[in-house]
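Summary of the model geometry
Spelled out from the first residue to the last, the chains are:
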Amino acid sequence: MSVSFTRRSTRLELLSARALPQQKVIVITDKLGFEPNANKVTTSWLSEQYGDKATTADVTHLNESSKYLLLILSQLERRFEPRQIFHYIAQCKKDSTVEHVFVWIVEQKLQEPFLRPYLEHMADSVITFEDRQHLSLLVKKSTGAVTHKYYEFDPLKDSITVVEAKRAAATKAAAVSMEVAPPPNPASLGTFKIDLKDEEVAAKNALTLPFEFFKTLPEGGKILYHPDAEDDLDEEDPDDDLLI
């Protein structure tokens, strides 16, 4: 399904100003292949908010401690088990000396697909680069509120500035696919035949069943009982043959 974006505003804002303040764990879902420049991108965000001296430290052994940390998940997943990565991030969240933890994810490179949704659940902000012009930003606030917005950006600029956009399904085919499908023909659901031809319907209607045949007799229908030798026909104790 193709998706279109329309601008909702003309005001330019720094992505870092939206994603970083008061957010410790920031997950970046990369669908564009920015991963080789992950350190450069995250460092530029830090310099925009905290000055040129702020840089990220690459995490390679899950024992690093720094003010700003960068985890490249595709690299760490080859060396550590998921539980070890989760445990390290959970420790960083409790460490008061750590201000930001950037987790860079390229979903196509993941060996375990559950990593992305789990880490997004742990995150305070989730940046998803949707395509070459659009990204989404999910922010979890300390009050428990969650905002999820879409933005237009220019990947060629040194600073990622964003303009809020509205996301909407654009194709007619997508709308058609959401329509309720007609109920299936029961005859097509099995390997046996359940419908009848016209001559078979006529033969079925002309058939007289036994109970209908006896209705036409003068004496009507009867139940004929022929007792066996072991039958007890004593009406005084009909259950005597049960030995109870």
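Cut-offs and rules
Residues numbered from 1 in each chain as written. Predicted model: local features only at pLDDT ≥ 70, side-chain atom pairs only at ≥ 80, totals over all residues. Heavy atoms only, no water. Buried < 20%, exposed > 50% of the residue type's maximum accessible area, 1.4 Å probe, protein only. Helix = DSSP H or I, 4+ residues; strand = E, 2+ residues; numbered from the N terminus. Pairing = 2+ DSSP bridges. Salt bridge = Lys/Arg side-chain N within 4 Å of Asp/Glu carboxyl O. Lys, Arg positive; Asp, Glu negative; His and termini not counted. Contact = heavy atoms within 4.5 Å. Expected span 1.5 Å × (residues − 1). Arc of directions from axis to C-beta. Core = buried A, V, L, I, M, F, W, Y, C linked by side-chain atoms within 4.5 Å. Phe/Tyr/Trp six-rings, centres within 6.5 Å; stacked < 30°, edge-to-face > 60°.

1. Describing the pairing of strand β6 (residues 100-105)
The buried count for β6 comes to 6 of 6 residues, which makes it a mostly enclosed element. The alternating pattern of β6 places His100, Phe102 and Trp104 and Val101, Val103 and Ile105 on opposite faces, both of which are buried. Of the strand pairs in this sheet, strand β3 (residues 25-30) and β6 are connected by 5 bridges, and their pairing is parallel. Looking at the pairing, Ile26 lines up with Phe102 of β6. Alignment of strand β5 (residues 68-72) against β6, held across 5 bridges, turns out to be parallel. If you follow Tyr68 over to β6, its bridge partner there is His100.

2. Concerning the pattern of salt bridges
Under the criterion given, the structure shown has 7 salt bridges. For Arg18, the salt bridge identified is with Glu13, shortest N-O distance 3.0 Å. Arg116 is the salt-bridge partner of Glu107, the closest N and O atoms lying 2.9 Å from each other. Classification of Arg116 by relative accessible area gives partly exposed; the value is 21%. Each of Glu107, Arg116 and Glu120 takes part in salt bridges that share partners, so that together they form one network.

3. Brief notes about the side chain of Lys24
Tracing the sequence through the fold places Lys24 in the loop between α1 (15-19) and β3. One buried charged residue, Lys24, remains without a salt bridge, the closest side chain of opposite sign being Asp95 at 6.3 Å. Filtering out sequence-adjacent residues up to four positions away, Lys24 remains in contact with Cys92, Lys93, Asp95, Ser96, Val98, Glu99, His100, Val101 and Asp124.

4. Observations regarding helix α4 (residues 82-94)
Three or four residues apart is the spacing at which side chains of an α-helix point the same way, because the helix has 3.6 residues per turn. Across its 13 residues, α4 extends 19 Å between first and last C-alpha, which sits within 8% of the 18 Å expected from 1.5 Å per residue. For α4, the complete set of buried residues consists of Ile85, Phe86, Tyr88, Ile89 and Cys92. What you see down the axis of α4 is that its buried residues fit within an arc of 160°, all on one side. For α4, exposure combined with an orientation more than 90 degrees from the buried face picks out Arg83 and Lys94. Buried residues belonging to α4 abut β3, β5, α3 (73-76), β6 and α5 (115-122).

5. Examining the pairing of β5
The element β5 is largely enclosed, with a buried count of 5 among its 5 residues. The alternating pattern of β5 places Tyr68, Leu70 and Ile72 on one face and Leu69 and Leu71 on the opposite face, and all of these are buried.

6. Here's the deal with the nonpolar core
Grouped together as the largest cluster of nonpolar side chains are 26 residues, with contacts concentrated most on Trp45, Trp104, Ile127, Phe129 and Ile160. Taken together, the elements giving at least two residues each to this core come down to α1, β3, α2 (38-50), β5, β6, β7 (125-129), β8 (134-140) and β9 (146-153). Considering each element in turn, this core owes the most residues, 4 residues, to α2. Sequence-distant contacts of Ile127, that is, excluding residues within four places in its chain, are made with Leu15, Ala19, Ile26, Val27, Ile28, Thr29, Trp45, Ser136 and Leu137. Counting residues in each nonpolar core, the second largest holds 24 residues, with Leu71, Leu73, Leu115 and Val126 among its members.

7. What about the packing of aromatic side chains?
Geometrically, a pair of aromatic rings is defined through the distance of the ring centres and the angle of the planes. Following the criterion strictly, the structure yields 6 aromatic pairs and no others. Judged by centre distance (5.7 Å) and plane angle (15°), the ring pair of Tyr50 and Tyr68 falls under stacked. Placement of Tyr50 in helix α2 and of Tyr68 in strand β5 is noted, with a sequence separation of 18 residues between them. Ring centres 6.5 Å apart and planes at 65° place the aromatic pair Phe86 and Phe114 in the edge-to-face group. Remark: Phe114 occurs in the loop between β6 and α5 and Phe86 occurs in helix α4; sequence separation between them is 28 residues. For Phe86, a relative accessible area of 12% corresponds to the buried category. Taken together, the ring pairs in this structure connect Phe34, Phe129 and Phe153 into an aromatic cluster.

8. Observations regarding unusual backbone geometry
Positioned with a positive phi, Gln22 is a non-glycine residue whose angle comes to about 65°. With respect to the helices, strands and loops of the structure, Gln22 is situated in the loop between α1 and β3. Gln22 gets classed as exposed once you look at its relative accessible area, which sits at 80%. With phi around 60°, Leu62 is a residue other than glycine that occupies positive phi space. With respect to the helices and strands, the residue Leu62 is situated in the loop between β4 (57-58) and β5.

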